[in-house]
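# Summary of structural features
Take a look at the letters that make up each chain.
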Amino acid sequence: MSQLQQSAFSPATSKQQMSMSTAQTGTWHMVCALEDIWPNTGVCALLAGRQIAIFRMKGDALYALDNHDPHSDANVISRGLVGDLGGEPVVASPIYKHHYQLRSGVCVEDANTQLNTYAVEVRAGMVWVQVPA
């Protein structure tokens, strides 16, 4: 498992980074306007050939992780229900209901399963996601 990175909102730069990142470098992709993602929901974006689920949580916290659920072998994570387990933000896969931590991508029910996570930030009202090369 790689080292996680987390940043917080900085009013001085108008940038908001809220997700954890499995990669330190990569290409940034503009996804959509922040207002296009309703609070406490997810969307899916196809970026550099990868389906990535992006979640907007309370307080505009953003998280990005793989959209592919390895337990059901379906691309459905973005359609999962979001919430928290013991204060940890999670998404429940809509197929078998496995919970994935939004910060780390680790499956709560099966710690041997982990989704990739991606850096995500808001720039001038637009959501950007960093995808490794």
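All of these numbers come straight from a predicted model, not from anything done at the bench. (Residues numbered from 1 in each chain as written. Predicted model: local features only at pLDDT ≥ 70, side-chain atom pairs only at ≥ 80, totals over all residues. Heavy atoms only, no water.)

In this section: the packing of aromatic side chains. In this structure the tally under the stated criterion is zero aromatic pairs. The ring of Trp28 has Arg123 sitting right over it, with the charged end atom 4.8 Å from the ring centre. (Phe/Tyr/Trp six-rings, centres within 6.5 Å; stacked < 30°, edge-to-face > 60°. Lys NZ or Arg CZ within 6 Å of the ring centre and 35° of its normal.)

Here we come to the sheet that holds strand β9 (residues 88-92). The strand order β8-β9-β10 describes an open sheet built from three strands, whose pairing is antiparallel. Of all strands in the sheet, those with a lone pairing partner are β8 (81-85) and β10 (99-101), marking the two edges. Within the sheet, the average angular offset between the axes of one strand and its neighbour, ignoring direction, is 40°. Direction of pairing for β9 relative to β10: antiparallel, over a ladder of three bridges. Bridged to Val91 within β10 is Tyr100. (Pairing = 2+ DSSP bridges. Helix = DSSP H or I, 4+ residues; strand = E, 2+ residues; numbered from the N terminus. Axes fitted to C-alpha atoms, helices over the stretch in contact; angles between N-to-C directions.)

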